[in-house]
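Structural overview for review
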Amino acid sequence: MALYCHRCGTALPSGARFCSNCGSVVASAAPAQGRHLVRPRAGRQIAGVCLGLAQAYGWDVALVRVLTVVGCLFTGGLVGVAYLAAWVGIPEEPLVTPGAYPPGV
Ligand SMILES: [Zn+2]
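A few points on the structure. (Residues numbered from 1 in each chain as written. Predicted model: local features only at pLDDT ≥ 70, side-chain atom pairs only at ≥ 80, totals over all residues. Heavy atoms only, no water.)

Under the definition given, this model contains two salt bridges. Taking the shortest distance from any N to any O, the salt bridge between Arg41 and Glu92 comes out at 3.8 Å. Pair noted here: Arg41 is in the loop between β2 (11-12) and α1 (49-57) and Glu92 is in the segment after α3 (78-89), with a separation of 51 residues, a long-range link. Under the relative-accessibility criterion, Arg41 is labelled partly exposed at 37%. For Glu92, the salt bridge is made with Arg44, and the minimal N-O distance between the two is 3.0 Å. Note that Glu92 is positioned in the segment after α3 and Arg44 in the loop between β2 and α1, a separation of 48 residues in sequence. (Salt bridge = Lys/Arg side-chain N within 4 Å of Asp/Glu carboxyl O. Helix = DSSP H or I, 4+ residues; strand = E, 2+ residues; numbered from the N terminus. Buried < 20%, exposed > 50% of the residue type's maximum accessible area, 1.4 Å probe, protein only.)

So, in structure tokens, the structure goes:
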């Protein structure tokens, strides 16, 4: 499985924890199973809702973002309201410093 940095898009070797180009934490290096639904700090576009959902469920973040925008346009803002609800309801990712990983990562 190809691994890419969520911030700059650089291709990374499998198992990489940090991007060799921009230095951001590569969250997808962690196993997808058991991953908590959080809004990541690195790589977010607006509030990190799409990125958080994509990482938590193993989806493609670009696809989630496109579907969200298309959904906003064609549901009369219903998806936008859901996005705002998720923004409020999904907790922000705790600060991660290199060398101090949370348990299970
Ligand atoms: Zn990067």
